[in-house]
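As a plain string of letters, each chain reads:
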Amino acid sequence: MLEVTEGAVLVTRRDAVAWITLNRPDALNAINIEIQARLPAAIREADADPAIRVLVIQGAGPRSFCAGADIKEFTAVDEPLARRQSRMRDHWIDALDQCQKPLIAAIHGFCLGGGLEIALACDIRVAAGDAQFAFPETGLGIIPAAGGTQRVVRMLGWAQALDLILTGRRFGAEEAKVLGLVTRVVAPDALQPAAEELALALAGKPPLALQFAKEAIRKGGELDYAAGRRLETDLLTHLLNTSDRLEAAQAFREKRPPRFSGR
Ligand code: DAK
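One structure accompanies this document, and this report is about it.

Cut-offs used in this document
- Residues numbered from 1 in each chain as written.
- Predicted model: local features only at pLDDT ≥ 70, side-chain atom pairs only at ≥ 80, totals over all residues.
- Heavy atoms only, no water.
- Helix = DSSP H or I, 4+ residues; strand = E, 2+ residues; numbered from the N terminus.
- Rg over C-alpha atoms; globule rule 2.2 N^0.38 Å.
- Buried < 20%, exposed > 50% of the residue type's maximum accessible area, 1.4 Å probe, protein only.
- Axes fitted to C-alpha atoms, helices over the stretch in contact; angles between N-to-C directions.
- Parallel < 35°, antiparallel > 145°, perpendicular 65-115°, else oblique.
- Contact = heavy atoms within 4.5 Å.
- Nonpolar A, V, L, I, M, F, W, Y, C, P; charged D, E, K, R; others polar.
- Salt bridge = Lys/Arg side-chain N within 4 Å of Asp/Glu carboxyl O.
- Phe/Tyr/Trp six-rings, centres within 6.5 Å; stacked < 30°, edge-to-face > 60°.
- Near = heavy atom within 4 Å.
- Polar contact = N/O pair within 3.5 Å; in protein donor to acceptor, adjacent residues only side chain to side chain.
- Areas by Shrake-Rupley, 256 points an atom, 1.4 Å probe, with all protein chains shown as cover.
- Expected span 1.5 Å × (residues − 1).
- Core = buried A, V, L, I, M, F, W, Y, C linked by side-chain atoms within 4.5 Å.
- 1 Å grid on protein atoms, 1.4 Å probe; cavity = no way out; pocket = protein on both sides within 12 Å on 5 of 7 lines; lining within 4 Å.
- Points joined across faces, edges and corners; volume = space filled by probe spheres on them.

### Quick look at the overall build of the protein
Okay, step 1: Regarding its fold elements, the protein presents 10 helices and 10 strands.
Okay, step 2: Rg of the C-alpha trace for the protein: 19 Å, near the compact-globule value of 18 Å for 263 residues, within the 12% margin.
Okay, step 3: Seen through its C-alpha atoms, the protein measures out along the principal axes to roughly 65 × 45 × 40 Å.
Okay, step 4: By the burial criterion, 43% of the 263 residues in the protein qualify as buried.

### With respect to the packing of helix α8 (residues 207-220) against helix α9 (residues 225-240)
Packed helices, taken two at a time, are described by the angle their axes make and the gap between the axes.
Okay, step 1: Direction vectors running N to C along α8 and α9 enclose 170°, while the axes themselves pass 9 Å from each other. With respect to each other, α8 and α9 are oriented roughly antiparallel. Taken together, the residues of α9 that come into contact with α8 (itself represented by L208, A209, F212, E215, A216, K219 and G220) are G228, L231, L235, H238 and L239.
Okay, step 2: Split by residue class, the contact of α8 with α9 holds 7 nonpolar, 3 polar and 2 charged.

### Topic: the pattern of salt bridges
Okay, step 1: Following the criterion strictly, the structure yields 14 salt bridges and no others.
Okay, step 2: With a shortest N-O distance of 2.9 Å, R218 and D123 are connected by a salt bridge. Here D123 lies in the loop between α3 (114-121) and β7 (124-128) and R218 lies in helix α8, a separation of 95 residues in the sequence.
Okay, step 3: On the basis of relative accessible area, R218 is assigned to the partly exposed category, the value being 30%.
Okay, step 4: Within the structure, one salt-bridge network assembled from shared partners comprises D97, D123, R151, K214 and R218.

### Concerning unusual backbone geometry
Okay, step 1: Positioned with a positive phi, D15 is a non-glycine residue whose angle comes to about 55°.
Okay, step 2: Looking at the secondary structure, you find D15 in the loop between β1 (9-14) and β2 (17-22).
Okay, step 3: D15 sits in the exposed class, given a relative accessible area of 54%.
Okay, step 4: A positive phi angle is found at K255, which is not glycine, with a value near 50°.
Okay, step 5: Structurally, K255 is set in the segment after α10 (243-253).
Okay, step 6: According to the relative accessible area criterion, K255 is exposed, its value standing at 79%.

### Looking at the packing of aromatic side chains
Okay, step 1: One pass over the structure, following the stated rule, counts 1 aromatic pair.
Okay, step 2: Ring centres of F133 and F171 lie 5.7 Å apart, and the angle between their planes is 20°; on these two criteria the pair is classed as stacked. Of the two residues, F133 is situated in strand β8 (residues 132-134) and F171 in strand β9 (residues 171-172); the sequence distance between them amounts to 38 residues. In this pair, the class of F133 matches that of F171, namely buried.

### Considerations on the site of the ligand
Okay, step 1: Near the ligand you find 22 residues, and of these R63, A67, A69, I71 and G114 are the closest.
Okay, step 2: D26 places a main-chain nitrogen or oxygen 3.3 Å from an oxygen atom of the ligand.
Okay, step 3: In this structure, an oxygen atom belonging to the ligand sits 3.0 Å away from a side-chain N or O atom of K72.
Okay, step 4: Against a free-state accessible area of 1100 Å², the protein chains account for coverage of 65% of the ligand.
Okay, step 5: Elements supplying a minimum of two residues to the shell around the ligand: α2 (79-98) and β6 (110-112).
Okay, step 6: Among the residues forming the shell around the ligand, the class breakdown is 11 nonpolar, 4 polar and 7 charged.

### Considerations on α8
Okay, step 1: In a regular helix each residue adds 1.5 Å, so 14 residues correspond to 20 Å; α8 covers 19 Å between its end C-alpha atoms and thus fits that length.
Okay, step 2: Buried within α8 are the following residues: L210, F212, K214 and G220.
Okay, step 3: Looking at the buried side of α8, the elements it contacts are β5 (103-107), α7 (191-203) and α9.

### Remarks on the nonpolar core
Soluble, globular proteins show a tendency: their nonpolar side chains are buried together.
Okay, step 1: Counting residues in each nonpolar core, the largest one holds 47 residues, and the members touching the most others are I57, I107 and F133.
Okay, step 2: Not counting residues within four places of it along the chain, the set of residues in contact with I57 comprises I20, L22, I43, F65, L96, L103, I104, A105, A106, I118 and C122.
Okay, step 3: Core analysis: the second largest hydrophobic core is formed by 16 residues, V54, A106, L198 and A203 among them.

### Some thoughts on the layout of surface pockets
Okay, step 1: In this structure, the second largest pocket spans a volume of roughly 720 Å³.
Okay, step 2: Elements with a minimum of two residues in the lining of the second largest pocket: β7, α4 (148-156) and α8.
Okay, step 3: Of the residues forming the lining of the second largest pocket, the biggest block, 5 residues, is contributed by α8.
Okay, step 4: By residue class, the composition of the lining of the second largest pocket is 11 nonpolar, 4 polar and 7 charged.

Next comes the structure, spelled out in structure tokens:
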């Protein structure tokens, strides 16, 4: 994985963790065309790198994770351009959905519209106490369409999805936790350490078990119960002969920490 030190999406590596930073702090990290192109590339590259076990997405600057799509790039579009933009949107959000490694969103400040959709596409969301969430799309004459409507109805059910998306109301980190949109809230200056501690804990676990657990939950959750159980059993069967499963049991018997190889 190449480290990227300039541009709208930065990528750095610490230990086995790839830190992907939305880097347009003057625009509150709004998603412009450059972010739409670079974010999926960064995620796919980190996902393909065997030295990386966990990815964290965060926003640069003190005020925002991401304030949504770049409204200054919104224009009246003709049909071919609309189709092209729509393909690009599918592309950038698909990269998050297809990522096999654990994806953590470390959220501070504004987390709005497309920014909230990025966060919701991650596996675990850690929010700073100052985080503010909303789906402002309907006020702009559009709808959340980077997975927002579909993810929120699946995560929270119809009633909350309709309330949040029709009104576009702003809500804070504690309410987001009560709703179940984020699972952890920490003090603002504890966000980075909390995300790092979580990332390192996941990086120390058997990678295939995490990958298959993601698949069982994400894919299985879209299936009926019986089909989901079959998927779960198939995935477990693949894990039974992995070196890491044998290593976990061996380390337990020898009363030592396990060393996982990812095989
Ligand atoms: N786009 C562009 N610039 C933005 C921005 C945004 N979303 N949000 C903030 N900025 C810029 C501001 O313009 C300002 O820049 P300057 O004017 O100084 O050059 C700078 O960031 C600081 O913002 P403010 O001066 O406004 O700061 P305030 O504290 O007063 O207000 C705010 C902060 C977050 C409440 C406010 O900036 C705001 O309401 N921002 C807009 C939030 C929003 O509505 N976001 C868009 C949601 S819709 C699609 C794919 C995805 C989507 C759509 C289409 N396709 C592929 C077709 C997703 C849609 C959305 O996300």
